[in-house]
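What follows is each chain in one-letter form.
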Amino acid sequence: MTEAIWAELADVRAQVMAATETEHSSLGEFIRHEVNERADSPLAGIILCASLPRKDSPAQAAARIHLAAAMVLLDVALSLHKLLLLQTPDTDTLDKSLVGGTVLAGDYCFSQAAVAAAHTENPQVVAIFSELLKELSEAHLRHLFAQGQSGLDEFPALFRSGGLAGAVLAGQSDAEQAQTAGFAASLADFFGDADDSNNLHKERFSAALQKKTAAYQHPRWLALLQRGKFNGN
């Protein structure tokens, strides 16, 4: 039933919200906005599609929800740290409390993302998560020291690694994992398109998923396609 994915998305959001609850009011202030912006992003939906196994179970569902929450928390953490790139480092005017709060909030979300990834209880998924974290951290450093560069877009890497980790949870073969990861990465353009009602774009999406994803997952992928940029993201 495709309705299950929307229930799982609600579970992901609840898990992300619970993971970012903190008694430190200053941290919560920095985190809350980013969580509200990103908890319903397409990233979680893509992971919930890619990680559906042929024979599902409550344990499988719990693992994919943990994975989706981990990736969303990582996205939130990266977004918080990226806020520092938008500031002009003038030591006379820089709000050090703002910088400190942003760094702490980002680090807190990184740690919670790692906890959620570990809760999948899948060593290969944890390794994929760790490699992605390394990749994106290095990309942020390169971007920080590169002058005149356009904005850093993490979505292709997040989608690719999320799709790969999801395919691992689904028990797919190595070849199937590669196909799923490539297809998930390609969706960064679809969900980033200014016109999510573009029928030609959706037709290409539909044609690609027929070739690149497992047939039993197609109802979920098509449900995600129909909703497009769901919840305004």
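What the protein chain contains, in helices and strands, is ten helices and zero strands. Secondary structure of the protein chain in N-to-C order comes out as α-α-α-α-α-α-α-α-α-α. Buried residues in the protein chain amount to 45% of all 233 residues. Sequence-distant contacts in the protein chain: of pairs separated by 6 or more residues, those separated by 24 or more amount to 75%. Surface exposure of the protein chain reaches about 11,500 Å², of which carbon and sulfur atoms provide 54%.

For the rest of this paragraph, the subject is the side chain of Asp75. Relative to the assigned elements, Asp75 resides in helix H4 (residues 58-82). Setting aside residues up to four positions removed in sequence, Asp75 forms contacts with Arg38, Leu43, Phe155 and Leu158.

Turning to the side chain of Gln177, a few remarks are in order. Along the polypeptide, Gln177 turns up in helix H8 (residues 174-192). Judged by its relative accessible area of 8%, Gln177 is buried. Residues in contact with Gln177, not counting those within four places in the same chain, are Gln124, Leu164, Ala167, Val168 and Gln172.

The next thing to look at is the pattern of salt bridges. Inspection of every chain in the model, using the stated rule, returns four salt bridges. A salt bridge links Arg64 to Asp56, with the shortest nitrogen-to-oxygen separation between them at 2.6 Å. Exposure remark for Asp56: the relative accessible area of 41% places this residue in the partly exposed category. A salt bridge links Glu135 to Arg160; the nearest nitrogen and oxygen atoms lie 2.8 Å apart.

This brings us to the nonpolar core. In terms of nonpolar packing, the biggest core is built from 56 residues, with Val12, Leu74 and Trp221 touching the most fellow members. Top element by residues in this core is H4. It accounts for 14 residues. Discounting chain neighbours no more than four positions away, the residues touching Leu74 are Phe110, Ala113, Phe129, Leu132, Leu133 and Leu158.

Quick look at the environment of Gln179 now. Position of Gln179 relative to the elements: it lies in helix H8. Considering only alpha carbons, one finds Gln179 and Leu164, 15 residues apart in sequence, at a separation of 8.6 Å.

Before going further, it helps to spend a moment on the environment of Arg227. Note on placement: Arg227 falls in helix H10 (residues 218-227). Residue Arg227 is classed as partly exposed on the basis of its relative accessible area of 39%.

A few words on the packing of helix H3 (residues 42-50) against H10. At a closest axis distance of 9 Å, the pairing of H3 and H10 adopts a crossing angle of 165°. In this view, H3 runs roughly antiparallel relative to H10, as classed from their interaxial angle. Considering only the axes of H3 and H10, their crossing is left-handed. Contacts between H3 and H10 pair Gly45, Ile46, Leu48, Cys49 and Ala50 from the former with Arg220, Trp221 and Leu224 from the latter. Split by residue class, the contact of H3 with H10 holds six nonpolar, one polar and one charged.

Attention now moves to the packing of aromatic side chains. Counted under the stated rule, the structure contains two aromatic pairs. Geometrically, the ring pair formed by Phe183 and Trp221 is edge-to-face, given 5.1 Å between the ring centres and 85° between the ring planes. Here the residue Phe183 occupies a position in helix H8, and Trp221 occupies one in helix H10, the gap between them amounting to 38 residues. Just as Phe183 is buried, Trp221 falls in that class too.

Attention now moves to the environment of Ala118. Along the chain, Ala118 turns up in helix H5 (residues 96-118). Owing to a relative accessible area of 43%, Ala118 belongs among the partly exposed residues under this scheme. Sequence separation between Ala118 and His66 is 52 residues, and the spatial gap between their C-alpha atoms is 8.4 Å.

On to the confidence of the model for the protein chain. For the protein chain, per-residue confidence averages 81 on the pLDDT scale, and 75% of positions sit at 70 or higher. For the protein chain, the element scoring lowest by mean pLDDT is helix H2 (residues 25-38), at 67; helix H7 (residues 155-169) scores highest, at 95. In this model residues 86-94 is a low-confidence stretch, pLDDT under 50, and it forms seven contacts with partners more than four residues away in sequence or in other chains.

Criteria and thresholds
- Residues numbered from 1 in each chain as written.
- Predicted model: local features only at pLDDT ≥ 70, side-chain atom pairs only at ≥ 80, totals over all residues.
- Heavy atoms only, no water.
- Helix = DSSP H or I, 4+ residues; strand = E, 2+ residues; numbered from the N terminus.
- Buried < 20%, exposed > 50% of the residue type's maximum accessible area, 1.4 Å probe, protein only.
- Contact = heavy atoms within 4.5 Å.
- Areas by Shrake-Rupley, 256 points an atom, 1.4 Å probe, with all protein chains shown as cover.
- Salt bridge = Lys/Arg side-chain N within 4 Å of Asp/Glu carboxyl O.
- Core = buried A, V, L, I, M, F, W, Y, C linked by side-chain atoms within 4.5 Å.
- Axes fitted to C-alpha atoms, helices over the stretch in contact; angles between N-to-C directions.
- Parallel < 35°, antiparallel > 145°, perpendicular 65-115°, else oblique.
- Left-handed = near helix turned anticlockwise from the far one by under 90°.
- Nonpolar A, V, L, I, M, F, W, Y, C, P; charged D, E, K, R; others polar.
- Phe/Tyr/Trp six-rings, centres within 6.5 Å; stacked < 30°, edge-to-face > 60°.
- pLDDT = per-residue confidence, 0-100.

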